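# What the coordinates show
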Amino acid sequence: MTAIVVAVASAAIDRSCSIHNVTTTRLHSKDESCCSTQLIDGDGAFNVTGIESFMKEVKLAECGLSYAVVSIMGPQSSGKSTLLNNLFHTNFREMDAFKGRSQTTKGIWMANCAGIEPCTLVMDLEGTDGRERGEDDTAFEKQSALFALAVSDIVLINMWCHDIGREQAANKPLLKTVFQVMMRLFSPRKTTLLFVIRDKTKTPLENLEPVLREDIQRIWDSVPKPQAHVETPLSEFFNVEVVALSSYEEKEELFKEQVASLRQRFYHSIAPGGLAGDRRGVVPASGFSFSAQQIWKVIKENKDLDLPAHKVMVATVRCEEIANEKYGLFSANEEWRELEVAAQSGPVPGFGKKLNSLLNACLSGYDVEANYFDEGVRSAKQNQLQEKMLQLVQPAFQSALGHIRSSTLDKFKEAFEKALNEGEAFSTAANNCIASYMAQFDEASADVVIEVANWDTSKVREKLQRDIDAHVASVHSAKMSELTSSYEEKLKMALSGPIDALLDGANNDTWPSIRRLLSRETKSAVSGFSAELTRFDMDEQTRKNLILNLENYARGVVEAKAREEASRVLIHMKDRFTTVFSRDSDSMPRVWTGDEDIRAITKTARISSLKLLSVMAVIRLDDDDDDDDNIEKTLAVALVDSSSSSSRDRSITAVDPLASSTWGQVPSAKTLITPVQCKSLWRQFKMETEHNISQAISAQEANKRSNHWLPPPWAIVALFILGFNEFMTLLRNPFYLFLIFVGFLLLKALWVQLDIKAEFRNGALPGIISISSKFIPIIMNLMKNLAEQGQGPEPNNPHRNPSSRSNHNPVTGGGGSAVSSSASSDLALNNRDKYTSPSKHD
């Protein structure tokens with residue numbers, strides 16, 4: 001696109017321009033449609049709303065780069081609108097010849113061509129040399145011509161055939177205007193000038209075209225040009241085409257045939273070799289409205305479009321060309337590219353020196369080539385060039401500076417860590433390393449400074465300072481955290497085990513012992529912690545806060561351990577009860593022989609468990625926590641003494657001391673087990689320990705039964721008194737004594753055989769059943785043994801047959817029982833023989 005488009009492409013859209021009503025009309029012809037709108041009115045106001053509506057109507061934004069713009073220039077009333085309507089099937093307003101010759105088109109109108117591919121836009125410009133504007137008002141003519149050349153791919157020059165060859169013809173001022181404004185555009189692409197000769201005479205076109213081209217060349221040569229384009233031929237700026245048409249009024253049919261033939265040339269006009277084949281700088285269709293509006297705005301704001309401003313404009317364009325050329329050379333410079341790549345990857349030694357050399361060489365080359373142009377324009381463009389180059393090199397500069405900052409920070413971190421590992425004090429190591437490496441950064445950053453830029457590196461330095469401070473703070477925090485964690489871990493290890501042991505053996509001295517332990521370990525930890533803190537730079541208040549936090553942590557460990565043990569208080573109470581109840585004072589297992597006072601032992605064990613519960617109920621880490629501590633008394637009264645008869649005689653209206661959630665003056669933060677919870681725990685404790693008590697009672701009763709199988713003494717005395725006569729009778733008759741003695745031996749044998757004591761261990765009923773089942777077999781066994789003893793040994797068989805012996809020992813309850821019974825029976829019989837043998841001798 002043109003240089004003006006480049007200049008205004010970044011400008012904001014001026015929404016304050018006047019909004020005109022959309023004048024859109026549609027022409028239907030042979031299934032083809034055309035819509036048109038007034039783009040610029042006669043007063044020079046741009047119709048923003050109209051062109052936006054027009055673009056939506058023709059769907060121009062969908063065309064991309066596949067569109068062409070055609071405009072037409074020529075004298076007023078020369079048939080421009082008529083030509084466009086017949087050539088492109090548009091609907092521009094035409095002059096009515098019967099009403100006289102006057103101005104028909106005011107301003108600039110735009111329409112889309114019907115039936116031509118690609119999408120082609122046509123602009124009908126107001127005619128030149130019009131009576132309505134007068135002889136001196138040529139500003140709008142030049143503005144519209146400049147606008148048409150800026151936005152059009154093809155410009156139709158409508159001229160009369162009889163003006164060719166005339167020196168003062170009407171087309172001469174128009175051509176001068178076209179060429180003058182073209183000098184101000186220096187379009188990067190060629191514009192096609194299609195000269196349309198109207199009302200062709202009998203003179204052949206082959207004779208008319210050379211004359212016309214000669215006139216055009218003469219006009220081109222006469223137009224002032226910039227120094228750089230003095231020798232530039234017309235063909236560098238324009239593709240000149242010539243076509244002739246017959247008179248529309250006299251030879252209308254021939255005119256239409258010639259127009260139809262010309263219409264074919266606009267098909268595929270943007271293809272290579274077409275009328276609009278040069279597509280350099282084409283604005284995408286979606287941006288056409290914005291581009292046209294901005295171009296017209298710049299044209300309108302430049303009031304003076306005559307030659308006095310030409311020098312400045314030529315300098316502007318040429319200096320911009322030189323600046324762009326130098327910028328392109330600089331951006332493509334191999335040394336710069338290598339420097340840029342190196343700056344992205346890491347620090348570059350001598351970066352500033354190399355880059356300053358390249359920048360100065362580029363700016364010097366610009367000064368040499370732009371030396372003869374307007375000084376103000378030259379300086380402005382040089383500043384623009386310098387700014388563009390600085391914008392190009394700034395990322396590399398920032399990267400180089402960033403690498404210096406990063407490497408300095410990395411070196412600082414390494415040196416700082418090394419200093420700390422060598423045992424240097426934290427504050428000393430930090431201050432020394434910060435001073436050293438900030439000085440290194442200042443020295444390195446001076447090497448990348450660009451002279452012409454005068455960029456400030458203080459922000460990067462401040463960022464480095466912040467990063468270093470943040471790292472120091474991070475290391476300080478990590479070291480402090482590590483140090484604190486170390487001493488906290490030591491405190492935890494020193495307190496946890498002893499506290500477990502003290503709480504497990506809870507007594508009156510438990511909490512004082514815990515306090516002494518906490519004080520001793522805390523003082524030891526604080527002493528070592530304070531010595532370590534001297535290596536860090538901190539104020540006294542911070543130091544006190546850290547020490548206080550460590551002390552609070554130690555206290556928290558004790559409290560946490562107490563709460564943990566309090567959550568298992570029921571287990572501890574049952575263990576304490578079992579220990580006291582099941583073991584004697586020497587810690588030996590208790591044997592329930594029948595002489596122990598189970599009630600007293602149970603009470604002692606419960607009181608010991610109650611003592612543990614009272615110790616676990618609250619935290620007593622302060623020296624005054626033991627004062628007015630009536631928790632144990634309250635628990636004893638409410639839980640132990642409440643079962644006595646005196647407590648049962650109390651009034652039912654008495655207040656329950658455990659019906660509360662607090663322990664009087666004890667804060668809730670120190671409460672581990674509330675009174676209500678104590679009551680619930682005690683109830684559960686009693687339920688879970690009743691089994692131990694019942695087992696002890698059962699064992700004691702069983703022991704008593706096993707040791708007292710004889711009748712009670714009163715029964716023996718009664719038996720003696722009541723049986724006195726029978727006893728005297730026995731004394732008077734010795735035969736009865738013999739029978740009694742024999743009966744005693746028999747009963748003794750039965751006692752041994754039946755093992756009465758063992759049978760009754762499992763109860764009276766099982767013992768009776770077992771004895772009844774064994775009684776008769778054992779009697780028979782005794783009788784057989786007596787018979788064998790009476791017969792004596794056989795003379796021919798001194799040894800008894802083992803098989804016969806086994807046949808005489810029937811199994812009464814099992815193999816072992818039978819052998820035992822037989823042995824007991826033999827013992828009884830031997831005893832009987834011993835006592836009866838003296839009688840035989842007698």
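Note that this is a predicted model, so its numbers are computed, not measured.

Looking now at the pairing of strand β5 (residues 119-125). Of all the seven residues making up β5, seven are buried; the element is thus mostly covered by neighbouring parts of the structure. Inspection of the sheet shows strand β3 (residues 67-73) paired to β5 by six bridges, in the parallel sense. Across the sheet, V70 pairs through a bridge with V122, a residue of β5. Summarising the sheet, strand β4 (residues 108-112) and β5 pair through five bridges and their orientation is antiparallel. Paired with W109 across the strands is D124, a residue of β5. Hairpin geometry of β4 and β5 is characterised by an intervening segment of six residues between the two adjacent antiparallel strands and by a positive phi of about 80 degrees at G115.

Moving on, we get to the UniProt feature "binding site: GTP" (unreviewed entry) in the protein chain. UniProt's entry tags G74, P75, Q76, S77, S78, G79, K80 and S81 with the feature "binding site: GTP" (unreviewed entry), counted in the numbering of this structure. Here Q76 shows up in the loop between β3 and α3 (80-88). Structurally, G79 can be placed in the loop between β3 and α3.

Let's shift gears to the packing of aromatic side chains. Aromatic ring pairs are defined here through the distance separating the ring centres and the angle between the ring planes. Inspection of every chain in the model, using the stated rule, returns 18 aromatic pairs. Seen from their ring centres, Y248 and F255 are 5.1 Å apart, and the 75 degrees between their planes marks the pair as edge-to-face. Judged by centre distance (5.0 Å) and plane angle (45 degrees), the rings of F397 and W455 are tilted. Taken as a pair, F397 in helix α12 (residues 375-421) and W455 in the loop between α13 (426-445) and α14 (458-504) lie far apart in primary sequence, 58 residues in all. Classification of W455 as partly exposed rests on a relative accessible area of 22%.

One finds F351 and F416 to be the most contacted residues of the largest nonpolar core, which totals 104 residues. The dominant element in this core, judged by the number of residues it contributes, is α12, at 15 residues. Formed by 59 residues, the second largest nonpolar core is a distinct cluster that contains M55, F140, A150 and V240.

Further remarks concern the packing of helix α2 (residues 48-58) against helix α8 (residues 288-301). Two quantities define a packed helix pair, namely the angle between the helix axes and the distance between the axes. At a minimum axis distance of 10 Å, the contact between α2 and α8 shows a crossing angle of 155 degrees. The angle between α2 and α8 places the two elements in the roughly antiparallel class. Relative to α8, the crossing made by α2 is right-handed. Contacts between α2 and α8 involve V48, I51, E52 and M55 from the first element and F288, S289 and Q293 from the second. Considering only residue class, the contact of α2 with α8 consists of four nonpolar, two polar and one charged.

It is worth spelling out α12 at this point. Along its 47 residues, α12 runs 65 Å from first to last C-alpha, staying within 8% of the 69 Å computed at 1.5 Å per residue. Most pronounced at V393, the bend in α12 amounts to some 40 degrees, and the proline P395 follows within four residues. Trailing α12 by a residue or two, G423 shows a phi angle of about 90 degrees, which is positive.

This paragraph deals with the pairing of strand β8 (residues 238-244). With five of its seven residues buried, β8 lies for the most part within the structure. Strand direction decides the pairing type here: strand β7 (residues 191-198) and β8, joined by seven bridges, are parallel. In the sheet register, T191 faces β8, and the bridge partner there is F238. Crossover handedness for the path β7 to helix α6 (residues 205-222) to β8: right-handed.

So, on to the confidence of the model for the protein chain. Any residue range with low pLDDT should be treated as having predicted coordinates unsuitable for detailed reading. Summing up the model confidence of the protein chain, the mean pLDDT is 77 and the portion of residues at 70 or higher is 80%. Every residue in residues 1-31 is under pLDDT 50, and counting partners more than four places away or in other chains gives 76 contacts. Taken as a whole, residues 795-842 scores under 50 in pLDDT and shows 36 contacts with residues more than four places along the chain or in a different chain.

Here R280 shows up in the loop between α7 (252-263) and α8. When the C-alpha positions of R280 and K190 are compared, they lie 8.7 Å apart, and in sequence the two are 90 residues distant.

Calculation criteria
Residues numbered from 1 in each chain as written. Predicted model: local features only at pLDDT ≥ 70, side-chain atom pairs only at ≥ 80, totals over all residues. Heavy atoms only, no water. Buried < 20%, exposed > 50% of the residue type's maximum accessible area, 1.4 Å probe, protein only. Helix = DSSP H or I, 4+ residues; strand = E, 2+ residues; numbered from the N terminus. Pairing = 2+ DSSP bridges. UniProt positions renumbered as here; feature names shortened; annotations may be inferred. Phe/Tyr/Trp six-rings, centres within 6.5 Å; stacked < 30°, edge-to-face > 60°. Core = buried A, V, L, I, M, F, W, Y, C linked by side-chain atoms within 4.5 Å. Axes fitted to C-alpha atoms, helices over the stretch in contact; angles between N-to-C directions. Parallel < 35°, antiparallel > 145°, perpendicular 65-115°, else oblique. Left-handed = near helix turned anticlockwise from the far one by under 90°. Contact = heavy atoms within 4.5 Å. Nonpolar A, V, L, I, M, F, W, Y, C, P; charged D, E, K, R; others polar. Expected span 1.5 Å × (residues − 1). Bend = angle between axes of the 7 residues up to and from the residue. Right-handed = clockwise from strand over helix to strand, strands pointing away. pLDDT = per-residue confidence, 0-100.

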